[in-house]
Structure formats: structure tokens, C-alpha cells
Amino acid sequence: MEKPTLERLNEKILRFPRVPLVPWTTPLQSLSSLSRELNGPKILVKRDDLTGLAFGGNKTRKLEFIIADALEKKADTIITWASLQSNWCLQLAAAARKHGLKPILVLFRTYDLPFSYQGNLLLDFLLEADIRIEETEEKGKSVDQKKAFSRLEKIAEDEKKNGRKPYVVSVGGSTTGGDMEKPLGALAYLRAIVEIESQLLALNQKVDHLIIASGSGATQAGLLVGAKALGLETRVIGICVSDKKEEFSSQVKNIALELKEMLELNIDLEDRDIILFDEYLDEGYGVVNAKVARIIRQVFEKEGLVLDPVYTSKAVIGLVDLIKKGYFTPEEQVLFIHTGGTPALFAYNSRLVELLQK
Ligand SMILES: *Cc1c(COP(=O)(O)O)cnc(C)c1O
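Scoring rules and cut-offs
- Residues numbered from 1 in each chain as written.
- Predicted model: local features only at pLDDT ≥ 70, side-chain atom pairs only at ≥ 80, totals over all residues.
- Heavy atoms only, no water.
- Core = buried A, V, L, I, M, F, W, Y, C linked by side-chain atoms within 4.5 Å.
- Buried < 20%, exposed > 50% of the residue type's maximum accessible area, 1.4 Å probe, protein only.
- Helix = DSSP H or I, 4+ residues; strand = E, 2+ residues; numbered from the N terminus.
- Pairing = 2+ DSSP bridges.
- Axes fitted to C-alpha atoms, helices over the stretch in contact; angles between N-to-C directions.
- Contact = heavy atoms within 4.5 Å.
- Right-handed = clockwise from strand over helix to strand, strands pointing away.
- Near = heavy atom within 4 Å.
- Polar contact = N/O pair within 3.5 Å; in protein donor to acceptor, adjacent residues only side chain to side chain.
- 1 Å grid on protein atoms, 1.4 Å probe; cavity = no way out; pocket = protein on both sides within 12 Å on 5 of 7 lines; lining within 4 Å.
- Sits in = over half its atoms within 2 Å of the grid points.
- Nonpolar A, V, L, I, M, F, W, Y, C, P; charged D, E, K, R; others polar.
- Expected span 1.5 Å × (residues − 1).
- Domains from an automatic or database assignment.
- Buried area = accessible area lost by both parts, 1.4 Å probe.
- Salt bridge = Lys/Arg side-chain N within 4 Å of Asp/Glu carboxyl O.

## Looking at the nonpolar core
Side chains of a nonpolar character, in soluble globular proteins, are inclined to be buried together. Membership of the largest hydrophobic core comes to 127 residues, with the highest contact counts inside it found for Ile66, Ile78, Trp88, Tyr167 and Leu187. Take this core: its biggest share by element is 11 residues, from helix 7 (residues 184–202).

Written out as C-alpha cells, the structure is:
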């Protein structure tokens, strides 16, 4: 007899080495006050802000596979890049330290935030991460990946000269390149949807839409490929936080195709499966405006749930707007994945207070 799909997919995931960093199944909760207030569909939240490593977030799951890959390749140093208050870099630094690897972080100042050991940067400092700051000309825009990679490769060369064995990985652990040859970040979110599906099955529930903040693409790609592999009709909606969808959708699709190939899955992936909304980008990546400040306050007051200022706040702005525009029917269920990032709130303290005191 054929095995159930969930089990079969799990077996494929087990082929890849993974160091455990998330010690539990993250909770699923209902955001009933918010759904009631919006008169909308039923909203659930998957608490991936509670992954259990350095204040949590979606990067913990990705790093379970990425750190295992670095260890298998006998690395003793891990090098990556992102923005100044990067959640990815903090999570990577914490996971690396825990497993005896030295973290080197190249942090680009992509937004006008004063340098201060606050939020994620304070935590990076406490972990003794090797921090290299890079200026950028255009604020609110994402960094050119090629430029960032060449910077990392140069640092890797220097490390090698000093007898170290570096492992280079791209922002967010999303696109392959450097020493990460397989889409391991996306694999982690395929594994996450298996976890979500098991939770929903136990509750005898199903969701029609998953909604997330999409930044470097692996979270969305993993969820999408996972949903298809499980034969679900659930649609995966990404709210763009850094790039316009014209530039970004091909990145999500490429990661999804790589994941499909890696797991030898017999699924169709069409352009229309990549659902992205970029109208909530406003002034761009990492720029906190009044809408962001207000949604953080609203969700905190209504649900006791703390959103971050760069990703999840934008995802919920999108969710609320789509509800208001009638994108979902009242009978549908929507699952928002809280992908973490809350330490960055503290780096935006003056901006948030200024916006909300007006
Ligand atoms: C990185 C990040 C995301 C986006 O995940 P990607 O896989 O890079 O698209 C969403 N939310 C938070 C809080 C993040 O740190």
C-alpha cells in the first residue's frame, strides 16, 4: 500500500543532515480579535517567532540544514551578508557559535538607521561576531547580490590565507551560491509546512491561504513546493518587503525549481503559483512609516502579538488591506506565519515613538 504523502515527504527530508536548533513544534494560534475587528476570514498565526534560538524567527529553521552542511564540509568559519539590523545575521551568528563556528557578518547600511549597539546588532556584539560594516549609496534598496558575493569571496580568501576553512552563504540562506550548493533554506520551509499540515490535521482544520513576508524568497519557495508536494490547494501569498515583484518573482521560482529537483518531486510549478504583492513596500526595505508603527500597535493591543518593523508588520499591513478589498471570502481561513525579527524593534525606538506621538 502507498504510504501517506506526509510520511513520504518526511522521508525525503530526512536524507539531508540537520542539526536540531528548534526544540519544539511552534504553536498555532487563532487571531480571533483581529478577525472580528476586520470582519474578515478566520486568521490563524504560526508562531515561528518562537523557534527558541536568539529570540526566534524563520532563519532558525533554515540554519538547521545550513549549519549541518557547513559542519559536513568541515568549515570552522561562516561568512554571510545582509542589512545592518539583519535577523538572518543574528540567527546565523547564534547558531554558528553554538556549533563552534566563527561568524563573519558583512552588514550593509541599506537604510538610514544610526549605527548603535541596539536590537540585533547588540546581540551580534554579545556573540562576538566579526562585524564588517559597508556603506551603500541608495537607501531603501536591496544590495546587488553579485557585489555582496564578491565582498564575501574576498573575505573568504583572507580567511583561507590565515589557515581557516570558511563557508560562504548568501543573504537569508535562500539562493544557492558560495558554499551552499542546494536550496537548504527552502528545504527548511518545506519541512515547516509538513509540521503545519500535521498540526492542522490534528485540529481537523484546513487553511486556504498562507501569508508571509517575502524577502529573499526561500520561505515562500519552500512553502509553495511543500504545498504542491502534499497535494494541498492552499495558496502561498508573499508580501514583498525588499524588491518589486517583477524582479523578485523569478528568484522565488528559481529556488522552488531547485528544491523540486533536489527532492525529485513530480509537481507542476507555474508562474501563476508565485503570488506576490509589492504595493506594501512603500518607501522600501527597512523604512518604517506611520502605517508600520500603527499596525505594530494595533496587533500588539488586540492580540498581545509583537510584530517586527521590517517584515511581519508589512505582511500584516498587506493581510489587512487584502481583507478590506475582499480578496478572501468570510468562510476562508488564512494562516499568517510570524517569521520573527522582533529584536529589530528596539533599534527603531525613536522612529516608532516619533510616529506614534504625532
Ligand atoms: C528573513 C525574514 C523574512 C523573509 O524570509 P525569506 O526566506 O528571506 O523570504 C521574513 N520575516 C523575517 C522576520 C525575516 O527575518
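Okay, back to it.
## Concerning the sheet that holds strand 7 (residues 209–214)
Across the sheet, 6 strands lie side by side as 1-2-10-7-8-9; this open sheet has mixed pairing. Both edges of this open sheet fall to strand 1 (28–30) and strand 9 (275–277), since each of them pairs with a single strand only. Averaged over all pairs of adjacent strands, the angle between strand axes in this sheet comes to 30°, irrespective of strand direction. Against the sheet, helix 8 (residues 218–229) touches strand 7, strand 8 (235–240), strand 9 and strand 10 (333–338), its axis set at about 160° to strand 7.

## Some points on the pairing of strand 7
Counting buried residues in strand 7 gives 6 out of 6 residues, a clear majority hidden from the surface. Burial along strand 7 is two-sided: the face carrying His209, Ile211 and Ala213 and the face carrying Leu210, Ile212 and Ser214 are both buried. Sheet topology note: the strand 7/strand 8 ladder contains 6 bridges and is parallel. Each bridged residue has a counterpart across the sheet, and for His209 the counterpart in strand 8 is Arg235. At this point the chain moves from strand 7, through helix 8, to the parallel strand 8, and the crossover so formed is right-handed.

## Thoughts on the site of the ligand
Contacts to the ligand come from 16 residues, most closely from Lys59, Lys62, Ser216, Thr219 and Thr339. Here an oxygen atom of the ligand sits 2.7 Å away from a polar atom, N or O, in the side chain of Lys62. The contact in question runs from an oxygen atom of the ligand to an N or O atom on the side chain of Asn87, over 2.8 Å. Among the detected pockets, the ligand sits in the largest pocket. Elements with a contribution of two residues or more to the shell around the ligand: helix 3 (58–72), strand 7 and helix 8. Looking at which element gives the most residues to the shell around the ligand, the answer is helix 3, with 3 residues. Its residues assigned to classes, the shell around the ligand shows 3 nonpolar, 11 polar and 2 charged.

## A look at the sheet that holds strand 3 (residues 77–83)
Taken in spatial order, the 4 strands of this open sheet run 5-4-3-6, and their pairing is parallel. In this open sheet, the two edge strands, each paired with only one partner strand, are strand 5 (130–135) and strand 6 (166–168). Geometrically, the sheet is characterised by an average inter-axis angle of 25° between neighbouring strands, direction not taken into account. Alignment of strand 4 (residues 102–109) against strand 5, held across 6 bridges, turns out to be parallel. Along strand 5, the bridge assignment pairs Val106 with Arg132.

## Digging into helix 8
Given 3.6 residues to a turn, an α-helix orients residues that are three or four positions apart in the same direction. Taking 1.5 Å per residue, 12 residues should reach 16 Å; helix 8 reaches 16 Å between its end C-alpha atoms and fits that length. In the stretch just after helix 8, Gly231 is the one whose phi turns positive, near 70°.

## Section: the domain arrangement of the chain
In many analyses, interface size is given as the accessible surface area lost on bringing the parts together. According to the domain assignment, the chain contains domain 1 (5–57 + 184–356) and domain 2 (59–173). Centre-to-centre, using C-alpha coordinates, domain 1 lies 23 Å away from domain 2. With 43 residues of domain 1 in contact, the opposing surface of domain 2 contributes 36 residues. Taken together, both faces of the contact between domain 1 and domain 2 bury some 3,200 Å²; the carbon and sulfur share is 63%. In terms of surface lost to domain 2, no three residues of domain 1 exceed Val19, Leu21 and Tyr285, which account for 18% of the buried area on that side. If you look at where domain 1 meets domain 2, you find 4 salt bridges. The salt bridge involving Arg61 is made with Glu195; its shortest N-O contact spans 3.0 Å.

## Description of helix 9 (residues 245–262)
Compared with the 26 Å implied by 1.5 Å per residue over 18 residues, the 25 Å span of helix 9 between its first and last C-alpha is a close match. Those residues of helix 9 that are buried lie in contact with helix 6 (145–161), helix 7, strand 7, helix 8, strand 8 and strand 9.

## Some remarks on the side chain of Thr339
With respect to the helices and strands, Thr339 occurs in the loop between strand 10 and helix 12 (349–357). Excluding anything up to four places from it in sequence, Thr339 contacts Asp48, Gly57, Asn58 and Thr312.

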